[in-house]
Amino acid sequence: MSGRAALTRLTGTGTGDCGEKDCPNVYRDETDGGIVVQGERCAVFQPPAGEALVKIPEHVLREAVRALGW
């Protein structure tokens with residue numbers, strides 16, 4: 001499994017395309033169990049190369065936690 005196929009969406013109801021007003025979204029990476037967040041870039045500070053900051057509302061995180069059964 002690789003690429004987007006390895007991600008299970010935990011939030012949102014659309015295509016996962018931010019242009020369709022379906023962001024932010026939280027995904028689980030099925031290859032390693034990691035959590036992937038898709039959203040608008042946050043410019044509070046510049047993270048190291050290869051990393052990004054995204055800002056998501058609390059209710060989206062709560063939805064993801066419920067989907068995981070935590």
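This structure is a prediction, so every number in the text was calculated from the model and none was measured. (Residues numbered from 1 in each chain as written. Predicted model: local features only at pLDDT ≥ 70, side-chain atom pairs only at ≥ 80, totals over all residues. Heavy atoms only, no water.)

### Some details on the overall build of the chain
Check the secondary structure of the chain and you find 1 helix and 3 strands. Order of helices (α) and strands (β) in the chain, N terminus to C terminus: β-β-β-α. Burial status across the chain gives 21% buried among its 70 residues. Across the chain, the fraction of contacts at a sequence separation of at least 24, relative to all contacts at a separation of at least 6, is 27%. In the structure as shown, the chain presents an accessible area of about 5200 Å², 52% of it carried by carbon and sulfur atoms. (Helix = DSSP H or I, 4+ residues; strand = E, 2+ residues; numbered from the N terminus. Buried < 20%, exposed > 50% of the residue type's maximum accessible area, 1.4 Å probe, protein only. Contact = heavy atoms within 4.5 Å. Areas by Shrake-Rupley, 256 points an atom, 1.4 Å probe, with all protein chains shown as cover.)

### Notes on the side chain of Asn-25
Tracing the backbone shows Asn-25 in strand β2 (residues 25–29). Reaching out from Asn-25, the side chain makes a polar contact with the side chain of Thr-11 at a distance of 3.2 Å. (Polar contact = N/O pair within 3.5 Å; in protein donor to acceptor, adjacent residues only side chain to side chain.)

### Section: the sheet that holds strand β3 (residues 35–38)
Strand order in the open sheet made by the 3 strands is β1-β2-β3, with antiparallel pairing throughout. Only two strands of the sheet have a single neighbouring strand rather than two, namely β1 (7–9) and β3. Across the sheet, the axes of successive neighbouring strands diverge by a mean angle of 30°, strand direction being ignored. Note that β1 and β2 share 3 bridges and pair antiparallel. Looking at β2, one finds that Thr-8 is bridged to Arg-28. (Pairing = 2+ DSSP bridges. Axes fitted to C-alpha atoms, helices over the stretch in contact; angles between N-to-C directions.)

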